[in-house]
Amino acid sequence: MIKIAVLVSGGGTNLQALIDAQNKGVIKSGVISLVISNKSDAYALERAKNAGIKNLVISKKECGSQDEFESAVINALQENGIELIVLAGFMCILTKRFTDEYKDRIINVHPSLIPSFCGKGFYGLKVHEEALRCGVKVTGATVHYVNEIADGGKIILQKAVKIRKNDTPEILQKRVMKQAEWVILPKATELVCKKLIKQKRG
Ligand code: GRF
């Protein structure tokens with residue numbers, strides 16, 4: 001089993017989807033072993049506690065710098081033997097130093113069909129506001145590997161979601177989460193775990 005860490009900052013509905021997928025056997029090649037939040041008031045921490053998953057808060061502010069923050073996260077990952085990192089609504093940028101350390105071992109879910117509405121500044125509701133402003137008829141979500149370029153790593157899975165006439169950014173955000181993010185993040189996690197197991201076996 002691949003030891004998985006989930007990094008979060010907020011409500012943690014994607015974390016919940018991962019926990020549920022693990023309980024249902026959709027994720028069977030890995031085990032969620034650690035949840036790290038950069039925010040002490042993230043509801044995602046409650047979800048981890050309720051599921052009996054070890055959880056930690058590592059605050060960038062308290063660490064003092066990006067470098068020290070990344071070192072603290074890496075230490076926690078190493079201490080817990082983590083082999084795969086899943087970013088699930090994690091609102092911190094990771095530098096090349098971090099992404100190189102875990103090359104092909106960090107995945108992220110982004111609420112659009114990359115390469116649309118992604119990159120620096122495209123997070124949260126902003127993504128859906130832009131999709132509606134542009135008048136696209138289809139949007140969706142993407143799970144991709146994480147490298148030093150924001151939303152720039154290799155795509156693993158995508159799922160399309162239709163835009164409806166009376167959509168607001170909030171309504172669209174919810175539909176994209178329900179129909180796409182919560183579906184493809186667990187699936188991609190299992191795919192990458194399987195791949196890592198294969199690699200280990202050589
Ligand atoms: C999701 O839309 C995710 O794609 C984005 O932030 C949101 C996180 O939601 N990066 P949650 O914390 O998983 O509920």
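Structure: see above.
Residues numbered from 1 in each chain as written. Predicted model: local features only at pLDDT ≥ 70, side-chain atom pairs only at ≥ 80, totals over all residues. Heavy atoms only, no water.

A.B. asks: Please set out the site of the ligand residue by residue, giving values where relevant.
C.D. replies: All residues in the neighbourhood of the ligand are listed as Gly-10, Gly-11, Gly-12, Thr-13, Asn-14, Gly-89, Val-109, Pro-111, Met-177 and Glu-181. Within the backbone of Gly-12, an N or O atom sits 2.8 Å from an oxygen atom of the ligand. Separating an oxygen atom of the ligand from a side-chain N or O atom of Thr-13 is a distance of 2.6 Å. Contributions of two or more residues to the shell around the ligand are made by helix H1 (13-24) and helix H7 (169-201). In terms of residue class, the shell around the ligand is built from three nonpolar, six polar and one charged. (Near = heavy atom within 4 Å. Polar contact = N/O pair within 3.5 Å; in protein donor to acceptor, adjacent residues only side chain to side chain. Helix = DSSP H or I, 4+ residues; strand = E, 2+ residues; numbered from the N terminus. Nonpolar A, V, L, I, M, F, W, Y, C, P; charged D, E, K, R; others polar.)

A.B. asks: Can you explain the sheet that holds strand E4 (residues 84-87)? Please cite residues and give values.
C.D. replies: Across the sheet, which stays open at both edges, the seven strands sit in the order E3-E2-E1-E4-E5-E6-E7 with mixed pairing between neighbours. The sheet is open, and its two borders are formed by strand E3 (55-57) and strand E7 (155-162), each paired with just one other strand. The average undirected angle you get between the axes of adjacent strands in this sheet is 20°. The pairing of strand E1 (residues 2-8) with strand E2 (residues 30-37) spans seven bridges and is classified as parallel. Of the residues in E2, the one forming a bridge with Val-6 is Val-35. Where H1 meets the sheet, it contacts E1, E2, E4 and strand E5 (106-110), and its direction lies at approximately 160° from that of E2. (Pairing = 2+ DSSP bridges. Axes fitted to C-alpha atoms, helices over the stretch in contact; angles between N-to-C directions. Contact = heavy atoms within 4.5 Å.)

A.B. asks: Explain the environment of Met-177 to me, using residue names and the numbers behind them.
C.D. replies: For Met-177, the location among the structural elements is in helix H7. When its relative accessible area of 19% is taken as the criterion, Met-177 is described as buried. Between the alpha carbons of Met-177 and Val-143 there is a distance of 12 Å; along the sequence they are 34 residues apart. (Buried < 20%, exposed > 50% of the residue type's maximum accessible area, 1.4 Å probe, protein only.)

A.B. asks: Can you break down unusual backbone geometry residue by residue, with the values?
C.D. replies: Between Ile-114 and the following residue, Pro-115, the backbone shows a cis peptide bond with an omega angle of 15°. Secondary-structure assignment places Pro-115 in the loop between E5 and helix H6 (125-134). For Asp-104, which is not a glycine, the phi torsion comes out positive at approximately 60°. Checked against the element boundaries, Asp-104 lands in the loop between helix H5 (96-101) and E5. A positive phi angle, near 50°, is found at Phe-117, a position not held by glycine. For Phe-117, the location among the structural elements is in the loop between E5 and H6.

A.B. asks: Requested: an account of the packing of H6 against H7, with residues and values cited.
C.D. replies: Closest axis-to-axis distance for the H6/H7 pair is 9 Å, and the angle between their directions is 110°. With respect to their mutual orientation, H6 and H7 come out roughly perpendicular. Regarding H6 and H7, the two cross each other, and that crossing is right-handed. Contacts between H6 and H7 involve Leu-125, His-128, Glu-129 and Leu-132 from the first element and Pro-169, Glu-170, Leu-172, Gln-173 and Val-176 from the second. Broken down by class, the residue content of the contact of H6 with H7 amounts to five nonpolar, two polar and two charged. (Parallel < 35°, antiparallel > 145°, perpendicular 65-115°, else oblique. Left-handed = near helix turned anticlockwise from the far one by under 90°.)

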